[in-house]
Amino acid sequence: MSGLLRFITSAKTSWIVLVLAGLAAAALFSIAGGEESETAPSVGLPDSAESVQVDQLREEFPSADDTSALLVFASDEGELDADTLALINENAMGELANLSREGFVPPAQVSDDGTVALVVVPLDPESDVAAQSERAQELRDAASADLDGVRVYLTGAEGFEVDIAAVFAGADFTLLLTTVIVVAVLLLITYRSPWLWLVPLVVIGVADGLAGIVARQVASAVGVQLDASVTGILSVLVFGAGTNYALLLIARYRDELRLHEDRRVAMQRALRGAGPAIIASGSTVALALLTLLLAELAGNRALGLACAVGIVVAMIFALFVLPAALVLFGRGLFWPYVPRFGSPDAIARSVWGKLGRAVSKRPIIVATGGFIVLGVMASGLFFVQTGLSQNDRFLQKPEAVQGQEVLAEAFSAGTTSPSIVIVPLDEAEEAESALAALDGVDSAAIGETTDNLARIDVTLGANAETEEAFATVERMRAALDGVGTGEGLVGGLDAQALDVTNAQARDQALIIPLILVLVLIVLVVLLRALVAPLLLLLAVVASFFSAIGLSWWLFQTPLFGFPAIDTNVLLFSFLFLVALGVDYSIFLVTRAKEESDHLGITQGMIRALAATGAVITSAGILLAAVFAVLGVLPLITLTQIGIIVCIGVLIDTLLVRTVVVPALAFITKDAFWWPRKPKLRDADAAARGADALALTPAARRVTKR
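Calculation rules
Residues numbered from 1 in each chain as written. Predicted model: local features only at pLDDT ≥ 70, side-chain atom pairs only at ≥ 80, totals over all residues. Heavy atoms only, no water. Helix = DSSP H or I, 4+ residues; strand = E, 2+ residues; numbered from the N terminus. Buried < 20%, exposed > 50% of the residue type's maximum accessible area, 1.4 Å probe, protein only. Areas by Shrake-Rupley, 256 points an atom, 1.4 Å probe, with all protein chains shown as cover. Lys, Arg positive; Asp, Glu negative; His and termini not counted. Charge placed at Lys NZ, Arg CZ, Asp CG, Glu CD. Pairing = 2+ DSSP bridges. Contact = heavy atoms within 4.5 Å. Axes fitted to C-alpha atoms, helices over the stretch in contact; angles between N-to-C directions. Phe/Tyr/Trp six-rings, centres within 6.5 Å; stacked < 30°, edge-to-face > 60°. Lys NZ or Arg CZ within 6 Å of the ring centre and 35° of its normal. Core = buried A, V, L, I, M, F, W, Y, C linked by side-chain atoms within 4.5 Å. Arc of directions from axis to C-beta. Left-handed = near helix turned anticlockwise from the far one by under 90°. Nonpolar A, V, L, I, M, F, W, Y, C, P; charged D, E, K, R; others polar. Salt bridge = Lys/Arg side-chain N within 4 Å of Asp/Glu carboxyl O. Expected span 1.5 Å × (residues − 1). Parallel < 35°, antiparallel > 145°, perpendicular 65-115°, else oblique.

**Q** Help me understand the overall build of the protein chain in this model?
**A** Along its length, the protein chain carries 22 helices and eight strands. C-alpha atoms of the protein chain, sized along the principal axes, occupy 95 × 50 × 50 Å. Per-residue burial over the protein chain gives 55% buried out of 705 residues. Summed over its atoms, the accessible surface of the protein chain is roughly 28,500 Å², and 59% of this surface lies on carbon and sulfur atoms. Both charge centroids of the protein chain, one from 45 positive and one from 73 negative side chains, sit 34 Å from each other.

**Q** How should I be thinking about the pairing of strand S6 (residues 441-449) in this particular structure?
**A** Regular strands place side chains that alternate from one sheet face to the opposite one. Of the strand pairs in this sheet, S6 and strand S7 (residues 453-460) are connected by six bridges, and their pairing is antiparallel. Along S7, the bridge assignment pairs Thr449 with Ala454. The hairpin formed by S6 and S7 contains three residues between the paired strands.

**Q** Help me understand the environment of Leu292 in this model?
**A** Counting through the fold element by element, Leu292 comes out in the loop between helix H10 (263-290) and helix H11 (298-326). Residues Leu292 and Arg135, spaced 157 residues apart in sequence, show a C-alpha to C-alpha distance of 38 Å. Excluding anything up to four places from it in sequence, Leu292 contacts Asn300, Arg301, Leu303, Gly304, Ile511, Leu571, Phe572 and Leu575.

**Q** Even after reading the chapter, I still don't get the sheet that holds S7, so can you show me in this structure?
**A** Across a sheet, strands are paired by hydrogen bonds formed along the backbone, either parallel or antiparallel in direction. The strand order across the open sheet built from four strands is S6-S7-S5-S8, with neighbouring strands paired in antiparallel fashion. Each of the sheet's edge strands pairs with one partner strand only, and the pair in question is S6 and strand S8 (489-491). Put simply, the sheet's adjacent strands are angled 25° from each other on average, direction ignored. With three bridges connecting them, strand S5 (residues 419-424) and S8 associate as antiparallel partners. Along S8, the bridge assignment pairs Ile420 with Gly491. With respect to the sheet, helix H3 (residues 50-58) is in contact with S5, S7 and S8, its orientation differing from that of S8 by roughly 90°.

**Q** Would you take a moment to explain the packing of aromatic side chains for this structure?
**A** When we look at a pair of aromatic rings, we describe it by the centre distance and by the angle of the planes. Throughout the structure, instances matching the rule amount to eleven aromatic pairs. Centroid distance Phe383 to Trp553: 5.3 Å. Interplanar angle 50°. Geometry classified as tilted. Of this pair, Phe383 sits in the loop between helix H13 (363-377) and helix H14 (399-410) while Trp553 sits in helix H18 (residues 531-555), and the two are 170 residues apart along the sequence. Among the aromatic residues, ring-to-ring pairing joins Phe544, Phe545 and Phe574 into one connected group. We note Arg192 situated over the ring of Tyr337; from NZ or CZ to the ring centre the distance is 4.3 Å. Just above the ring of Trp352 sits the side chain of Arg657; from NZ or CZ to the centre is 5.3 Å.

**Q** Got a minute to help me understand unusual backbone geometry in this structure?
**A** Glycine aside, negative phi is the norm for most residues, and most peptide bonds take the trans geometry. Cis peptide bonds are those with omega within 30 degrees of zero, and the linkage from Trp335 to Pro336 qualifies with 10°. Take Pro336: it is sitting in the loop between H11 and helix H12 (351-361). We note that Asp146 has phi near 65°; this positive angle belongs to a residue other than glycine. Within the secondary structure layout, Asp146 lies in the loop between helix H5 (129-144) and strand S4 (150-155). One non-glycine residue, Arg192, adopts positive backbone phi at about 50°. Secondary-structure assignment places Arg192 in the loop between helix H7 (171-191) and helix H8 (198-221). On the basis of relative accessible area, Arg192 is assigned to the exposed category, the value being 51%.

**Q** Hey, could you run me through the nonpolar core in this one?
**A** Generally speaking, soluble globular proteins have nonpolar side chains that are buried together. Counting residues in each nonpolar core, the largest one holds 171 residues, and the members touching the most others are Tyr253, Leu289, Leu326, Phe576, Phe627 and Phe672. Looking at which element gives the most residues to this core, the answer is helix H19 (residues 569-628), with 33 residues. The contact partners of Phe672, leaving out residues within four places of it in the chain, are Ala529, Val531, Ala532, Leu535, Val589, Ile601, Met605, Leu664 and Ala665. Among the nonpolar cores identified, the runner-up in size contains 24 residues, and Ile88, Ala143, Leu147 and Val162 belong to it.

**Q** Honestly, the environment of Phe574 in this entry has me stumped. Any pointers?
**A** Position of Phe574 among the secondary structure elements: in helix H19. A relative accessible area of 3% means that Phe574 is categorised as buried. If we ignore the near neighbours within four places in the chain, the residues touching Phe574 are Ile512, Ile515, Leu516, Phe544 and Ala579.

**Q** What is the right way to look at the environment of Val185 in this model?
**A** Tracing the backbone through its elements, the reader meets Val185 in helix H7. Between the alpha carbons of Val185 and Trp197 there is a distance of 8.9 Å; along the sequence they are twelve residues apart.

**Q** Can you walk me through helix H15 (residues 428-436) in this structure?
**A** Along an α-helix, residues three or four positions apart point the same way, because every turn accommodates 3.6 residues. Turning to H15, its buried residues number three or more, namely Ala428, Ala431 and Leu435. The buried side chains of H15 occupy one side of the element, clustering within an arc of 65° when seen end-on. Tucked into the core, H15 has its buried residues touching S5, S6, S7 and helix H16 (467-481).

**Q** It is not clear to me how the packing of H13 against helix H20 (residues 636-668) should be interpreted in this structure. Could you clarify?
**A** Helix-helix packing is characterised by the crossing angle of the two axes and by the distance between the axes. Contact pair H13 / H20: the axes reach a minimum separation of 8 Å and the direction vectors enclose 145°. Crossing geometry of H13 relative to H20 is assigned as left-handed. Within the contact between the two elements, H13 uses Pro363, Ile364, Val366, Ala367, Gly370, Phe371, Val373, Leu374 and Met377 and H20 uses Ile651, Leu655, Val656, Val659, Val660, Ala663, Leu664, Phe666 and Ile667. In terms of residue class, the contact of H13 with H20 is built from 17 nonpolar, one polar and no charged.

**Q** How should I be thinking about the sheet that holds strand S3 (residues 116-123) in this particular structure?
**A** A sheet is described by the order of its strands in space; here four strands give the open sequence S2-S3-S1-S4, paired in antiparallel fashion. Two strands close off the open sheet at either side, each with one partner strand: strand S2 (109-110) and S4. By the bridge criterion, eight bridges tie strand S1 (residues 67-75) to S3 in an arrangement that is antiparallel. For Ala69, the partnering residue across the bridge sits in S3 and is Val121. Those strands touched by helix H4 (residues 82-99) are S1, S2, S3 and S4, and its axis lies near 10° from that of S3.

**Q** Would you take a moment to explain the pattern of salt bridges for this structure?
**A** Working definition: two side chains of opposite charge can pair if their charged atoms are close together. One pass over the structure, following the stated rule, counts 19 salt bridges. A salt bridge links Glu594 to Arg252; the shortest N-O distance between them is 2.7 Å. Within this pair, whereas Glu594 is found in helix H19, its partner Arg252 is found in helix H9 (residues 228-257), the two being separated by 342 residues in sequence. Residue Glu594 is classed as partly exposed on the basis of its relative accessible area of 25%. With a relative accessible area of 7%, Arg252 lands in the buried category. With its nearest N and O atoms 3.4 Å apart, the salt bridge here joins Arg681 to Asp684. The partly exposed category is assigned to Arg681, whose relative accessible area is 44%. Taking the relative accessible area as the measure of exposure, Asp684 reaches 35% and is therefore partly exposed. Each of Glu50, Arg477 and Asp499 takes part in a single network of salt bridges with overlapping partners.

**Q** Before we go on, may I ask you to explain H8 in this structure?
**A** With 24 residues, H8 extends 35 Å from end C-alpha to end C-alpha; this agrees with the ideal 34 Å at 1.5 Å per step. Taken from the residues just after H8, Gly223 is the one with a positive phi, measuring 75°.

**Q** For this particular structure, what's the right way to read the packing of H10 against H19?
**A** Where H10 meets H19, the closest approach of the two axes is 9 Å, and the angle between their N-to-C directions is 165°. By the criterion of interaxial angle, the relationship of H10 to H19 is roughly antiparallel. Crossing geometry of H10 relative to H19 is assigned as right-handed. Contact residues: Ala277, Ala280, Ser281, Thr284, Val285, Ala288 and Leu289 in H10; Leu575, Phe576, Ala579, Leu580, Val582, Asp583, Ile586, Phe587 and Thr590 in H19. Broken down by class, the residue content of the contact of H10 with H19 amounts to twelve nonpolar, three polar and one charged.

Any functional reading would require information beyond the geometric quantities listed.
As structure tokens, then:
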């Protein structure tokens, strides 16, 4: 280990680290830098899902290669008059027919109140996003030609694909630019130096670029597809975690510069002190993310794989590239607040140390009060609603969503998303009758057939992706189990949404306990104790519940007005908050473990809080701000994840790590390290009159010897 540290920091070899990193970055950027992710998130259900099986069976039907665009014509005032309807049909038979699959478009369907007309345009599938967008504009232009007083919406499968591609276009660049600006500003405020902030920003920025490339290569090798939402979260995570590691290392480096005249020796000491915490922290996050590989939903697996790769890249750059870059410069890099050799110990003047001393006097009261505050914030949990429909997932409703809503109001609620049932051909009539008789089903009609299969189109009475629609789908599936051989299958948008909800619930039931177990194992190995890891895990889980509860109250305000929390938000928020939130406790407690060897647990924790308080607070605020940046992306799901993680990190940074964890350590004293026996009992340290905040740098060196 000493040889590796000298290689990273030595004047003769540190430049080699930077050259190797530069060459590797240049090679990866040149080979794969132009690759891009898919533009929009995919559903990612497993093949065992019933809706997926329906989609596979639909390939056997004549219309398997068909797609369609729904053109919705809504009158600005009153009913659509006869002339307007005639013009709509004329456009349908003219230019729209020329754009359709077979040169024919059925006549417009008119709502019962006469205010809305619907034209269905059959189309050939188009995989090229640019060509699809161009065709969509041609459809809009042809549909609205010569029409006055009528709003025209392009919706349906074609409309949603085009609009989703449009809202994600350039999203990664916007997110990256916003993240870089936020990180740069916060680093500048933190360091109060005109140039120190540039070093970690450049290093982590390169790490982010490489993480995206490496993640895409690894994902491609194992057959996993990354979409824009995954790559967006990846950038946020790499910048957030990477900058946290940089803050911890630089803070420790600053402390060691006061104790060592040679800056390279100081960096070696800083790496020895901060390295284990960074490795433990990164390993915890990476392992927690890898548990998502056991998920049913492909989107969850993609996120876990990509972000785990990103965390590993961020760790490598923080532990190897950043130290080599920092030691190239002298102490003047910290100007105007230059840490001089032998200068007074800044820890002794830390307000965080004084806070720790105050907490140590009444730890039971402080811990009780802390958990009461957490409980009050968590009260929103009793009112949380989960599950967003496709129409509710956008911060700004695109045209396809607006058209879908107009259709839902004018026609039968399920017209916009009919369920698709596939049954054996000889059971079609029996299945049709059974389905038509069910509560919640408006109509059922046999459509296309093959030699052995029949398709039944079912219109539901409930709005798409609602609890009522899900209940009807479940009744349909139960009814088909009793028809003939019981091989009938239900698919379509509502069935797919129900399958996603069920798969997400199964993923949560599996992944959340695994994350807790993994985090506990990492903490036990790191601290060689059992009580401390359990207390840290309890505290971080409490902060998660508080973040969810407080976020729900915020979501109900007019500022956001979210009707529910999306199904995957709870799992991702738990993952990020527990894995990242425990980081700050790791930073604190590993320093407390180091200090308690010669100060005892009480004074060791006070000194650890004094030493890490400022840097952890800065890191927490920065990470919270970086996750809040997810709000610039167009999906409410990402906005909700960003807000929940932002609030949770702030709770963990400012309350849990600041007072709750120290209070628990002060209450348990030596038992905090059980079953390991401390090198110095707390009672013996107190008898010696150990004072964490009175130690000078020289005294610290003597004490450590």
